[in-house]
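Next come the chains, spelled out residue by residue.
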Amino acid sequence: MENYKKARTVEQPCPCPFPDLPSDTPEVRVKDGSKIRNLMRFALNRMEEKTASADHPGPQEGSEVSVGSGENLCRQIMFTGVGQSVAKAITCVEIMKRRVHGLHQHTKLVYRTVQEVWEALEPEAGLDSLTVSRNVPSIWVLLSRNSLDKNQPGYQAPGSFDALWAQALKEEAATLKHGQRRKRGGTGSGRTEGAGRGKGRPGGPRKPLGHASGGQD
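Just so it is clear, the model here is predicted, and its values are computed rather than measured.

## Quick word on the overall build of the protein
Of the regular secondary structure elements, the protein holds four helices and six strands. Just so you have it, the protein exposes about 15200 Å², and 51% of that area is on carbon and sulfur atoms.

## Quick look at the pattern of salt bridges
Considering all chains together, one arrives at six salt bridges under this definition. Across the pair Glu27 and Arg29 runs a salt bridge whose closest N-O atoms are separated by 3.4 Å. Relative accessible area serves as the criterion here: at 56%, Arg29 is assigned to the exposed category. With a closest N to O distance of 3.4 Å, Glu94 and Lys97 form a salt bridge. Of the two residues, Glu94 and Lys97 are both situated in helix α2 (residues 86–99); the distance of three residues between them amounts to about one turn of the helix. Through salt bridges with shared partners, a single ionic network connects Lys6, Glu116 and Arg134.

## Description of the pairing of strand β2 (residues 27–30)
With burial as the criterion, only one face of β2 is covered, namely that bearing Val28 and Val30; the residues Glu27 and Arg29 on the opposite face remain uncovered. Where β2 lies against strand β3 (residues 76–82), four bridges are found, and the strand directions are parallel. Across the sheet, the residue bridging to Val30 is Gly81, located in β3.

## Examining the nonpolar core
Among the nonpolar cores identified, the biggest contains 20 residues, and Val28, Ile77, Phe79, Met96 and Leu143 are the most heavily contacted of them. When contributions to this core are tallied by element, the ones reaching two or more residues are β2, α1 (36–47), β3, α2 and β5 (130–144). Discounting chain neighbours no more than four positions away, the residues touching Leu143 are Arg75, Gln76, Ile77, Phe79, Val93, Met96, Lys97, Leu103, His104 and Gln105.

## As for the pairing of β5
For β3 and β5, the ladder comprises seven bridges, and the chain directions are antiparallel. Bridge pairing in β5 places Thr80 opposite Trp140. Across 15 bridges, strand β4 (residues 104–120) lies against β5 in antiparallel orientation. Opposite Thr107, over in β5, you have Val141 as the bridge partner.

## Some words on the environment of Pro158
On the secondary structure map, Pro158 appears in the loop between β6 (155–156) and α3 (160–203). Other than its neighbours up to four places away in sequence, Pro158 contacts Gly102, Leu103 and His104.

## A look at the packing of α1 against α2
Two elements in contact, α1 and α2, have axes whose closest approach is 10 Å; the angle formed by their N-to-C orientations is 40°. Classified by the angle between their axes, α1 and α2 sit oblique to one another. As α1 packs across α2, the resulting crossing turns out to be right-handed. From α1, Ile36, Leu39, Met40, Ala43, Leu44 and Met47 reach across to α2, where they touch Lys88, Thr91, Cys92, Ile95, Met96 and Arg99.

## Looking at α1
Between its terminal C-alpha atoms α1 stretches 16 Å, which fits the 16 Å expected from twelve residues at 1.5 Å a residue. Every buried residue belonging to α1 is among Leu39, Met40, Arg41, Ala43, Leu44, Asn45 and Met47, and all of these are buried. Those residues of α1 that are buried lie in contact with β2, β3 and α2.

## Comments concerning unusual backbone geometry
The backbone of Asp20 sits at a positive phi, close to 60°, despite the residue not being glycine. According to the relative accessible area criterion, Asp20 is exposed, its value standing at 80%.

## With respect to the environment of Lys6
With respect to the element layout, Lys6 can be found in strand β1 (residues 4–11). Measuring from C-alpha to C-alpha, the distance between Lys6 and Leu121 comes to 9.7 Å, with 115 residues separating the pair along the chain. For Lys6, the contacting residues outside a window of four places in its chain are Glu116, Val117 and Trp118. Of note is the side chain of Lys6, whose polar atom sits 3.5 Å from the side chain of Glu116.

Quick notes on the rules
Residues numbered from 1 in each chain as written. Predicted model: local features only at pLDDT ≥ 70, side-chain atom pairs only at ≥ 80, totals over all residues. Heavy atoms only, no water. Helix = DSSP H or I, 4+ residues; strand = E, 2+ residues; numbered from the N terminus. Areas by Shrake-Rupley, 256 points an atom, 1.4 Å probe, with all protein chains shown as cover. Salt bridge = Lys/Arg side-chain N within 4 Å of Asp/Glu carboxyl O. Buried < 20%, exposed > 50% of the residue type's maximum accessible area, 1.4 Å probe, protein only. Pairing = 2+ DSSP bridges. Core = buried A, V, L, I, M, F, W, Y, C linked by side-chain atoms within 4.5 Å. Contact = heavy atoms within 4.5 Å. Axes fitted to C-alpha atoms, helices over the stretch in contact; angles between N-to-C directions. Parallel < 35°, antiparallel > 145°, perpendicular 65-115°, else oblique. Left-handed = near helix turned anticlockwise from the far one by under 90°. Expected span 1.5 Å × (residues − 1). Polar contact = N/O pair within 3.5 Å; in protein donor to acceptor, adjacent residues only side chain to side chain.

Right, dumping it as structure tokens:
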């Protein structure tokens, strides 16, 4: 492929994995270059009823996003991410669940087809353009104030993430505490060993100066 350059990338349409989803459900498409701050401002504007404050500032200059009101609040919202943006989409979902409590969650993992179009660096060489199709992982997360089917795979009840966060924090604290104990033990033994070596050098036997030369005379 040294004679080609990537011209563009085209994501093939993928059907929504959530059946019977209302057509007016907002979708937050997370891209590689998307800023989480802007994504969350849009999502919270549709799901959270709150007046502008320091914690939830109003729209910046040039932005069309306004603070949500009771009239345009949605009951459901969907986050999607493809390829490298999957991790960023999950981060947005976790932030959303911490800001808006009582949300039910459905998560679907599917593969999405992405076509890469490669063009020849030197068209006069007679090389044709190439189209490469790849299947990349994609995530679809539906957050809803209404109850969802608990029997569906990928369902997560409201508040269950609190227990996961508490367990993760507990394990992290235990790991840090164990690491500090090992560090203290290693530092103490190192000092003792170093001190012994330091004392042994000046106090040890030394050859008298001129001993070797005296033997030669």
